[in-house]
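Inside the fold
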Amino acid sequence: MKNTWFRFLLSLLCVCMQPAGGRAQAYISWDSFLNSFFEEQMENGMSDDDYEVLKERLTALHENPVNLNSCRREDLLRLPFLNESQVDSILSYRGRKRRFVSLGELLYVQNLGLRERRYVSLFVFCGDTVRRKIKFKEMISRGQYDVMTQLNIPLYKVAGNKSYTQEELADNPNLIYLGNGLAHKLRYAYKYGSWLRYGVAFEKDAGEPFGSYGTYPYDFNSFYFHYRHPDGRWQVLAGDFRASFGQGLLLGNSVFGSRLSVLTTRRLARSSFRPHTSTGEHYFFRGAAAEVRLKQRWSLMGFVSRRRLDAITSGDTVTSLKTDGLHRTLRETSRRGNLGAWATGAHLTYTADDWNVGVGGLFFRYDKTVYPRLRSYNRYYFRGQNGGGLSASYAFKRDGWNAYGELATDGRLHLATTHTVSYDLDDKYSFTVQGRSFSPRFASPYGHTLQEASRVSNEHALLLGATVRSIPKVELTGYADLFLFPTTTYTATGRSKGMELFLRGIYTRSERLYFMAQYKWKTKQRDITGYDGLLQYASTHRMKLRAGYESGPLALQASVDAAVAVSQTEAPSFGWMFSSRAVVNRWRGVALSAFGAVFFTDGYATRLYAYEPQLRFGSGFPTFAYHGFRLAAVATWKLPWHLTAGVKGGVTHYFNRATISSGTQAIASSTKSDVALFLRFKLR
């Protein structure tokens with residue numbers, strides 16, 4: 001009897017100590033993955049909108065892992081940290097061994113390093129290989145129902161939520177926000193495997209009204225319906241979605257990686273679309289999209305979209321688009337939906353065993369004339385009502401070689417092109433060359449690819465990179481990116497140039513312990529203040545040292561960051577930060593995360609980044625500048641009745657600032673505290 005109770009208690013303890021998500025096989029915690037994967041993206045300029053989109057997509061994949069013994073190639077290619085060769089190696093190993101018995105067998109897969117093995121363990125499992133026919137009735141009734149809501153509560157008051165006299169508001173009615181300081185998100189989603197999913201999302205940002213001033217009742221409302229035929233022959237999507245062609249020169253409303261991801265993840269060019277499941281309010285389409293496979297090797301994708309965009313107008317002319325999605329004041333509300341945008345596009349792809357080619361076209365029309373106020377840096381921006389273009393993409397892989405690229409032209413025959421060639425040698429050496437050339441006159445409002453500038457225009461660049469794994473337990477990665485702007489940019493009058501150098505070394509002492517050292521130097525020419533056309537080099541050096549330990553439910557990490565900003569006419573500015581993070585996953589159904597950082601920088605130029613534990617919605621990469629400290633803690637608790645509750649608290653205090661931020665966001669204090677509450681109902 002005693003032995004029976006002992007076995008029961010031991011089993012119960014093992015269940016309680018499993019990592020979050022219920023998959024004891026995972027070699028890395030979800031929190032640690034978000035930290036290591038996204039940190040390099042944020043430091044390379046990933047926007048908050050792109051971060052939210054990619055995080056939401058990866059979270060959905062993590063919560064719905066694929067069976068490693070029955071998944072398709074396309075399922076593994078959804079993981080952005082795997083390249084084509086690594087996916088083929090996984091499938092080749094499965095073909096030889098017939099099935100994976102455990103995730104430990106990933107150790108024997110060619111081309112798969114420790115980093116990829118740890119990441120993959122969060123998104124796959126080793127299951128049964130039995131397949132059965134799926135009926136549509138089962139799809140619509142036996143899937144996963146998911147309702148999530150999150151409320152962010154600021155424990156401070158910004159200037160926009162203060163009280164003003166009638167005289168003050170008469171002089172400037174935009175001093176005050178139309179809503180309170182609470183931010184709320186609500187989402188419902190249904191999913192059955194990778195074949196059927198639909199959902200709705202609602203969001204109210206802090207300061208936005210609820211149920212008034214044109215909100216219904218939320219400021220942002222979104223819907224999507226996506227159906228994929230079980231045999232993969234066709235798929236349709238209605239509602240809000242994102243789409244991309246090739247490498248994104250003409251259409252890239254999807255997340256494209258940083259320079260570092262070009263070295264580690266090499267993808268063949270292909271068209272794609274996916275539901276817009278985040279609450280970003282600008283970079284998506286609204287309408288319908290479809291894809292059909294023709295005779296196995298041909299595929300045709302097309303879409304049509306019609307939606308309203310926020311815009312700043314002068315009479316019946318649009319002078320600029322408003323992309324932040326905020327409608328807090330009368331001025332911001334007056335800019336909501338001022339521009340009607342209609343877009344349609346199609347892409348045809350032929351795929352062979354080792355290569356593919358594709359051609360695509362895009363046409364868009366605005367219901368008002370877009371004409372930004374003429375400046376020296378924007379003279380080649382898109383102007384008018386109609387636009388579009390054509391593109392051709394290709395990809396090739398064989399014997400360790402990978403090559404892919406795209407050539408695009410806009411409606412006025414201005415060109416842009418990007419090409420990447422990489423070579424893997426004996427699993428220990430990888431070399432990459434990437435070149436891009438965008439005409440200053442190339443106008444592509446929907447384009448997004450690997451680029452230094454904010455637009456796919458006015459840039460010539462060459463990137464050289466390598467990854468070395470010849471030293472046991474050590475991985476070295478580095479690149480040099482040289483870029484040239486042929487004409488005037490926002491910060492430099494006339495022709496200018498710059499360079500970015502990066503080097504990272506990771507020493508993995510064991511599956512549990514690792515050390516990392518990283519250095520990045522970026523220099524770019526810009527105007528000397530008050531002397532347009534007289535250029536100087538402005539440079540930033542960033543260094544990072546990190547140690548991490550992870551064992552089962554426990555993860556610990558400590559980092560030291562430093563930054564130095566220098567230019568030819570200004571004194572150097574400095575910054576440093578020490579941060580630490582601890583995670584305990586599912587202790588009696590409770591997962592705890594804590595973060596602390598102390599930082600000292602001379603200004604925003606030497607700002608630093610660190611990953612902060614978070615709930616489902618919200619950015620985990622705050623910016624640290626000036627002198628102060630940041631503390632944050634997150635707790636989630638799995639409750640009965642398929643419920644999960646979460647709470648996050650954080651406080652930021654500045655030593656050298658009496659106020660925080662400015663304008664309507666100004667806080668008349670040196671301390672900023674906030675609380676977030678999360679509740680989820682999930683039923684399979």
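Predicted model only: the values in this text are computed from it and were never measured.

What about the overall build of the protein chain?
Each helix and strand in the protein chain was counted, giving 10 helices and 31 strands. Whereas a compact globule of 684 residues would reach a radius of gyration of roughly 26 Å, the protein chain reaches 26 Å, a difference of no more than 12%. By its C-alpha atoms, the protein chain is 80 × 55 × 55 Å across when sized along the principal axes. By residue count, 50% of the 684 residues in the protein chain fall in the buried class.

Focus on the nonpolar core
Phe-33, Leu-58, Leu-68, Phe-81 and Phe-123 are the most contacted members of the largest nonpolar core, which has 34 residues in total. Where this core is concerned, the elements lending two or more residues are helix H2 (30-43), helix H3 (48-63), helix H4 (73-77), helix H5 (84-97) and helix H6 (114-120). When residues of this core are assigned to their parent elements, the largest contribution, five residues, is made by H2. Within the second largest apolar cluster, 24 residues are counted, among which are Leu-250, Ala-343, Tyr-366 and Tyr-446.

What about the side chain of Gln-614?
Mapped onto the fold, Gln-614 is located in the loop between strand S27 (608-609) and strand S28 (623-624). Classification of Gln-614 by relative accessible area gives buried; the value is 12%. Of note is the side chain of Gln-614, whose polar atom sits 3.0 Å from the side chain of Lys-55.

A word on the pairing of strand S31 (residues 671-683)
As paired elements, strand S3 (residues 144-154) and S31 share 10 bridges and run antiparallel to each other. When the bridges of S31 are listed, Asn-152 appears paired with Ala-676. As defined by bridge partners, strand S30 (residues 643-654) adjoins S31 across 11 bridges and the pair is classed as antiparallel. Residue pairing for S31: Leu-643 is matched across the bridge by Phe-681.

Things to note about the packing of aromatic side chains
Enumeration over the complete set of coordinates arrives at 40 aromatic pairs. Ring plane angle 70° and centroid distance 5.4 Å describe the contact between Phe-364 and Tyr-446, whose orientation is recorded as edge-to-face. Residue Phe-364 is found in strand S14 (residues 355-370), and its partner Tyr-446 is found in the loop between strand S18 (429-438) and strand S19 (459-468); the two are separated by 82 residues along the sequence. The class for Tyr-446 is buried, based on a relative accessible area of 12%.

Overview of H5
With 14 residues, H5 ought to run about 20 Å at 1.5 Å a step, and its terminal C-alpha atoms sit 20 Å apart, in line with that. Of all the residues in H5, the buried ones are Glu-84, Ser-85, Gln-86, Val-87, Ser-89, Ile-90, Tyr-93 and Arg-94. Buried-residue contacts for H5 involve H4, H6, strand S15 (384-398), strand S16 (401-410) and strand S17 (415-425).

Quick notes on the side chain of Glu-332
Of note, Glu-332 is situated in helix H10 (residues 330-334). Separated by 2.7 Å, the side chain of Glu-332 and the backbone nitrogen of Arg-328 make a polar contact. If sequence neighbours within four positions are ignored, Glu-332 has contacts with Lys-322, Leu-326 and His-327.

Points about the confidence of the model for the protein chain
Mean pLDDT over the protein chain: 87, with 92% of residues reaching 70 or higher. This model gives residues 1-25 a pLDDT under 50, and the stretch forms 28 contacts once residues within four places in sequence are excluded.

So, unusual backbone geometry
Along the chain, Tyr-216 connects to Pro-217 via a cis peptide bond; the corresponding omega equals -20°. Mapped onto the fold, Pro-217 is located in the loop between strand S5 (196-204) and strand S6 (220-228). In the Ramachandran plot, Arg-98 falls in the positive-phi region, its phi being about 75° despite a non-glycine side chain. Mapping Arg-98 onto the fold places it in the loop between H5 and H6. A relative accessible area of 72% means that Arg-98 is categorised as exposed.

Notes on the pattern of salt bridges
Evaluated as defined, the whole model comprises 32 salt bridges. A single network of salt bridges, built from pairs that share partners, joins Arg-259, Arg-436, Glu-452, Glu-459, Asp-481, Glu-500, Lys-522 and Lys-524.

Remarks on a positive patch on the surface
A cluster of like positive charges, contributed by Lys-133, Lys-135, Lys-137 and Arg-142, occupies part of the molecular surface. The exposure class assigned to Arg-142 is exposed, which follows from its relative accessible area of 63%.

Looking at the state of the cysteines
Under the criterion given, the structure shown has zero disulfides. Of all cysteine sulfurs in the structure, the one in Cys-126 sits closest to Cys-71, which takes part in no disulfide; the separation is 9.9 Å.

Quick word on a nonpolar patch on the surface
A contiguous nonpolar surface patch, about 460 Å² in accessible area, is contributed by Trp-234, Val-236, Val-292, Leu-294, Trp-298 and Leu-300. Secondary-structure elements contributing two or more residues to the nonpolar patch are strand S7 (234-244), strand S9 (285-294) and strand S10 (298-309). Within the secondary structure, Val-292 is located in strand S9.

Brief notes about the environment of Phe-81
Positionally, Phe-81 belongs in the loop between H4 and H5. Counting along the chain gives 221 residues from Phe-81 to Gly-302, while the straight-line C-alpha distance between them is 27 Å.

Comments concerning the environment of Gly-435
Mapped onto the elements of the fold, Gly-435 is located in strand S18. Taking the C-alpha atoms as reference points, Gly-435 and Thr-420, 15 residues apart in sequence, are found 6.5 Å from one another.

Reading the values: rules and limits
Residues numbered from 1 in each chain as written. Predicted model: local features only at pLDDT ≥ 70, side-chain atom pairs only at ≥ 80, totals over all residues. Heavy atoms only, no water. Helix = DSSP H or I, 4+ residues; strand = E, 2+ residues; numbered from the N terminus. Rg over C-alpha atoms; globule rule 2.2 N^0.38 Å. Buried < 20%, exposed > 50% of the residue type's maximum accessible area, 1.4 Å probe, protein only. Core = buried A, V, L, I, M, F, W, Y, C linked by side-chain atoms within 4.5 Å. Polar contact = N/O pair within 3.5 Å; in protein donor to acceptor, adjacent residues only side chain to side chain. Pairing = 2+ DSSP bridges. Phe/Tyr/Trp six-rings, centres within 6.5 Å; stacked < 30°, edge-to-face > 60°. Expected span 1.5 Å × (residues − 1). Contact = heavy atoms within 4.5 Å. pLDDT = per-residue confidence, 0-100. Salt bridge = Lys/Arg side-chain N within 4 Å of Asp/Glu carboxyl O. Patch = residues over 30% accessible without salt bridge, like charges linked within 9 Å, V, L, I, M, F, W, Y side chains within 5 Å. Areas by Shrake-Rupley, 256 points an atom, 1.4 Å probe, with all protein chains shown as cover. Lys, Arg positive; Asp, Glu negative; His and termini not counted. Charge placed at Lys NZ, Arg CZ, Asp CG, Glu CD. Disulfide = S-S within 2.5 Å.

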